Every structure is written in structure tokens, then in C-alpha cells.
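# Observations on the model geometry
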Amino acid sequence: MASIDRRNFFRASAAGAAFLASAKYGFAKAEAAKDSSKIDVNGKLRLAAIGNGGKGQDDLVNISGSPRVEVVALCDVDESKDHLGWAAEKFPKAKTFNDYRRLLDNSKLFDAVSVSTPDHMHAPIALAAIALGKHVFCQKPLTHSVQEARLMREAAKRHGIVTQMGNQCQSHHAYRMAVKLVHDGAIGKVKEVHSWQAGNMDWLHLEKRPAKADPVPKPLHWDLWLGVAPERHYNKGLYHPWDWRGWQDFSSGQLGDFGCHILDPVFMALELTAPTTIEADAPSLGKEAWAKSSKVEYTFPGTRRTTGNEITVTWYDGKDHKPNHEGWGLPEMMEVEEEDPKSKKKTKKNVKYKLPGAGSAFVGEKGTMILEHWAEPKLYPEEKFKDFKMPQMEDINHYTSWAHACLGDGTTTSNFDYAGPLTETVLLGAVAIRFPKEQLLWDSEALQFTHHADATARLTKKYRKGWPLPKA
Ligand SMILES: NC(=O)c1ccc[n+]([C@@H]2O[C@H](COP(=O)([O-])OP(=O)(O)OC[C@H]3O[C@@H](n4cnc5c(N)ncnc54)[C@H](O)[C@@H]3O)[C@@H](O)[C@H]2O)c1
């Protein structure tokens, strides 16, 4: 499989898309056309699901919830019940694989893939599938590096495939309602936005990996789990499943984990493009683990939804790390329900107003919208909006809308043309966290930071020998 190394990538991006639109393009198009003729045989989308445990289980159950989807292949590096096991039992006719490369060798089997692996494997798997002309559903954040996000967007466009990132809250009525409120001008033009995830990062265990290895459980193919990441020995409870989030080699920290959810309605409501500056405040990072707390301030060019020529969006993460909400017109007190731990009796009481644990504040000319993550937006000051009629929005099925769009029915909203730039923005913040208190100037077209070679070098990463990033 052809690959793109770090040097080539920057040359390619600067020279434009032409470099990447190689002879492979013709091949992939032909493959796609050939395969899509098979979709009509039984009218169903043939799905290959990669990464079947954790969120992969939810993705697979949701996508296969459509009677127009046939699960034909499953792939997971862990054969135990919680991973490949349950899925193989539920879909006994599906062919099973541990190595996605062997699955892709059987490309005539399927029309579309879902990628629900840890973040470091999203782009390697998705780009290889795109090169074959397959439709792709890929978990958030779309990729592990800014370079990969740019490549995914460009490749998906060139191949004309149907894509969707797994930021499912976008399709939930609450987030759709928030976007509509901003577009309807309910709070006027927006002056500034603050977004936060103030929960405890329960996946951050260690600053450094242990010197001693643990035995690899029999059903787990550890080398395949590592994939493109640098080699390291297995340790129980530190990486697989879930806890890979704490480590730089596999994830982009709390911002990477939640940014594509929480910043999504900000991006969509304000119709943001690429940021121009990014500045982080965070403790200096060690070599291995992500920071326990960070603040990242982005400046974007103003849009028709914002006041002024620029708008700042500030991200906060870490336990109880929230913005100062003074001057936003929020109430002094709020009513909360408390449960007595012994009797389980619930009582209501008034307490000092507190921002929700995760969400965004859109501070507008005419009021403030608080959008709690996964909850309907609220408008303030309360008195001003007490008779305001909130728009009613429907939920969209984020998963089956992708499957049906692959069959030519409808469209997707978090396609890579949208999700690519959103992910780039999120991951630029993760780069800035590596250079605290330095204002980074972002040149999106050239895909580089102006006058900052060290930060530019962090837009990409090294791939393990034998695991090149596929060219699509
Ligand atoms: N959209 C959401 O709300 C949401 C929620 C949780 C996780 N996620 C995303 O889903 C992805 C998976 O997260 P998770 O928490 O489920 O992780 P996890 O570690 O719990 O599960 C990952 C699954 O993928 C399998 N896997 C790992 N590497 C693989 C490979 N190379 N090929 C095939 N299978 C492989 C694992 O065995 C496991 O079954 C991440 O990108 C994460 O950000 C999204």
C-alpha cells in the first residue's frame, strides 16, 4: 500500500490536492462503481464494522437498526465476548477478522465500513477504506492528527463517498435547537463563546508507562491493537479497553475526546471557518500522558452570526474548570433536586447558580444561551425570555441517516467536509496545549503555523515501521 511520509505531506498540501489525486483515483472510482452495483442486488447496504466493543457496540447496533443494512463483516483485535465475541454471536453470517487489512483484502464483500477503534487507528483504517471507494462512518475525533483530518476530508471528496463522523449529539434535537436559536437571532449576534468539560478525567492514571509488561490476554492481538503507534509492551488496565485516552500516542486528551461533541454546535451555529490564532494555558506536558486540565482560546474570523471582525471561543477542561460567568445575565440562584442517600427521598432546594458540568455559553447581544451537553438550551436573562417560544426540533438518526445516504437516500450532516475542519480545530487546540502561553498563528491554507516550526511538526506524527499511512 502506498504511503505518505511527513515531508511528502507538507509538500503535497502546499502544492494542492493534485499530488494526491493520483492514478489510484481512477481505480477506486471503478471499484466503487462495481461494488455499488451490488447494493442493488438485495437493496441493502453491506456493512463491515471495525472495532466492535465499547462505542463500536453502540455504533453497530444503531447502524444495523435499519432493515436496509446487512452486517457482512466484523473486525476486532480482541476476540473476547465484550469485543468481537458478542458481535459474532449476534451476526452469525458475518465474516470475522482481527486485522482490518485482511478485511480490506476482501473488499468485494462490503460497501461501507464503520470505524470505532481508538483514535490513533481512525485515519489509517478509514483512508485505506476510502482508497477502495467504500463509504465511511468514523468515530470522533475524526483523526489523531491535524494532517490526517485534512487528508480524510480531501480523500472523501475526491472519491465521492458518503461519510459521517460519530458526533451523534449533532443530530439530537437539543443541539439542533441551539443552532436554530442562534440562526433565528434569539440572542442577537454572538459576542463570545465559552465551552467546557469540567468532569473528572477518570482515564488518566499515570504520567509514565510501567517498566514491566503484563502478560497479554489470549484473545487480544496486542500488536494489531498498537497498529501505527510506536511499539510498547502491554499493561493491564492502562490502554485496552478505554484507558488509551490518557496517552498521547493514542488520543488527543480531554479536548480531543469531547471537543468534537461540545464545540460542534458552536461551529455549526456560528458557521465558523478555520481559527487564526490559538493560545493554550496548561501545565507543561510530559512525554506520555495528557494534561489533567487545560484552557484553549481560539480566535476565528467573524461571520454573519457574530459581532465584529473576530470572535473568541474558549475551551476549558479538567475537574471543575469552568468559565467565570459574571455579566452574562444568569440568575443568582437555581433550584436543584437532591436525593437523600439513605432514604432516596428527593427534595428541592435553592442554591447559588452553577454552570452545568459540560456545555457551552453563547454570549449574544440580546442574551445568553447556555447549552448543556445533551440537554436543551436555556436562554437568559430569565425575565426577558420567560414568554419566548422555543423552536421544536426533531431528532435525526445519526447512524441510519448515514446508511441510507450510502444507498442514495438523503444526506449526512457530519460528513468529512464538515467534520474535517471541526476536527482540525479541535486538534489544533491539542497542539497548542504542547506550547502553553504561546500565541500560535494558524495558516490553514498552507497547513502550518506561521513562524513556528516546532508546532508545525506537531501537526503530524511518526508511523510505526510497517504501518504507513495509506494514500487515498
Ligand atoms: N460518539 C461518542 O459518544 C463516543 C463515545 C465513546 C467513544 N467514542 C469514540 O469511539 C472510539 C472507541 O472508543 P471506546 O471508548 O469504545 O474504546 P474501547 O477501547 O472501549 O473500544 C475500542 C474497540 O475497538 C477494538 N479495536 C482496537 N483497535 C482495533 C483495531 N486496530 N482494529 C479493530 N478493532 C480494534 C477494541 O478491541 C475494542 O473492541 C474512540 O474514537 C472514541 O473517541 C465516541
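Residues numbered from 1 in each chain as written. Predicted model: local features only at pLDDT ≥ 70, side-chain atom pairs only at ≥ 80, totals over all residues. Heavy atoms only, no water.

## Describing the side chain of Asn235
Counting through the fold element by element, Asn235 comes out in the loop between helix H9 (222-226) and helix H10 (253-262). Judged by relative accessible area, which is 3%, Asn235 ranks as buried. Side-chain polar atoms of Asn235 contact the side chain of Asp214, separated by 3.5 Å. (Helix = DSSP H or I, 4+ residues; strand = E, 2+ residues; numbered from the N terminus. Buried < 20%, exposed > 50% of the residue type's maximum accessible area, 1.4 Å probe, protein only. Polar contact = N/O pair within 3.5 Å; in protein donor to acceptor, adjacent residues only side chain to side chain.)

## Structural notes on the nonpolar core
Core analysis: the biggest nonpolar cluster contains 104 residues, and Ile130, Val136, Met152, Trp225, Leu263, Phe362 and Phe449 have the highest contact counts within it. For this core, the leading source of residues is helix H13 (residues 416-433), giving 11 residues. Excluding residues that lie within four positions of it along the chain, Met152 makes contacts with Ala123, Ala126, Leu127, Ile130, Cys138, Leu142, Thr143 and Phe416. (Core = buried A, V, L, I, M, F, W, Y, C linked by side-chain atoms within 4.5 Å. Contact = heavy atoms within 4.5 Å.)

## Thoughts on the layout of surface pockets
Unoccupied space between atoms shows up once a probe the size of one water molecule is rolled over them. By volume, the largest pocket is sized at about 740 Å³. The wall of the largest pocket is formed by 39 residues, among which Lys55, Ser116, Thr117, Pro118 and Trp244 lie closest to the centre. Among the secondary structure elements, those contributing two or more residues to the lining of the largest pocket are helix H3 (55-63), helix H6 (122-131), H9 and H10. For the lining of the largest pocket, the leading source of residues is H10, giving three residues. (1 Å grid on protein atoms, 1.4 Å probe; cavity = no way out; pocket = protein on both sides within 12 Å on 5 of 7 lines; lining within 4 Å. Points joined across faces, edges and corners; volume = space filled by probe spheres on them.)

## Things to note about the pairing of strand E7 (residues 190-197)
Of all the eight residues making up E7, six are buried; the element is thus mostly covered by neighbouring parts of the structure. In this structure, E7 lies alongside strand E13 (residues 358-364), joined through seven bridges in antiparallel fashion. Its bridge partner being in E13, His194 is matched across the sheet by Ala361. Inspection of the sheet shows E7 paired to strand E10 (residues 310-317) by six bridges, in the parallel sense. Across the sheet, Ser195 pairs through a bridge with Trp315, a residue of E10. (Pairing = 2+ DSSP bridges.)

## Quick look at the sheet that holds strand E6 (residues 163-165)
Read from one edge of the open sheet, six strands run E3-E2-E1-E4-E5-E6, paired in parallel fashion. Unpaired on one side and paired on the other, strand E3 (95-97) and E6 mark the two borders of the sheet. Adjacent strand axes in the sheet meet at a mean angle of 20 degrees, parallel and antiparallel pairs treated alike. (Axes fitted to C-alpha atoms, helices over the stretch in contact; angles between N-to-C directions.)

## Regarding empty space enclosed by the protein
In this structure the tally under the stated criterion is three cavities of 30 Å³ or more. Roughly 60 Å³ of internal volume is contained in the largest cavity. A per-element tally of the lining of the largest cavity places H10 first, with three residues. The residue inventory of the lining of the largest cavity, partitioned by class, reads four nonpolar, five polar and one charged. (Nonpolar A, V, L, I, M, F, W, Y, C, P; charged D, E, K, R; others polar.)

## Structural notes on the site of the ligand
As a structural note, the neighbourhood of the ligand is formed by 29 residues, with Lys55, Asp76, His83, Asp119 and His122 the closest of them. Here an oxygen atom of the ligand sits 2.5 Å away from a polar atom, N or O, in the side chain of Asp76. Between Gly166 and the ligand, the recorded distance is 2.9 Å, taken from a backbone N or O atom to a nitrogen atom. Computed on the free molecule, the ligand has an accessible area of 840 Å², of which 94% lies beneath the protein chains in the complex. Only H9 and H10 provide two or more residues apiece to the shell around the ligand. Among the residues making up the shell around the ligand, the classes are represented as 10 nonpolar, 12 polar and seven charged. (Near = heavy atom within 4 Å. Areas by Shrake-Rupley, 256 points an atom, 1.4 Å probe, with all protein chains shown as cover.)

## Let's talk about the pattern of salt bridges
For the structure on display, the rule yields 26 salt bridges. Between Lys55 and Asp59 there is a salt bridge; the shortest N-O distance is 2.7 Å. Of this pair, Lys55 and Asp59 both sit in helix H3, four residues apart, roughly one helical turn. Classification of Lys55 as partly exposed rests on a relative accessible area of 29%. Among the residues examined, Asp59 registers a relative accessible area of 0% and is labelled buried. The partner of Asp417 in a salt bridge is Arg153, and the shortest N-O contact between them spans 2.9 Å. Placement of Asp417 in helix H13 and of Arg153 in helix H7 (residues 146-159) is noted, with a sequence separation of 264 residues between them. Residue classification places Asp417 among the partly exposed positions, given a relative accessible area of 36%. (Salt bridge = Lys/Arg side-chain N within 4 Å of Asp/Glu carboxyl O.)

## Digging into the confidence of the model for the chain
Here the chain shows a mean pLDDT of 92. Residues at 70 or above account for 91%. Every residue in residues 1-41 is under pLDDT 50, and counting partners more than four places away or in other chains gives 69 contacts. (pLDDT = per-residue confidence, 0-100.)

## Notes on the environment of Lys346
With respect to the secondary-structure elements, Lys346 resides in strand E12 (residues 346-352). In this structure Lys346 comes out as exposed when scored by relative accessible area, which is 52%. Not counting residues within four places of it along the chain, the set of residues in contact with Lys346 comprises Glu337, Glu338 and Glu339.

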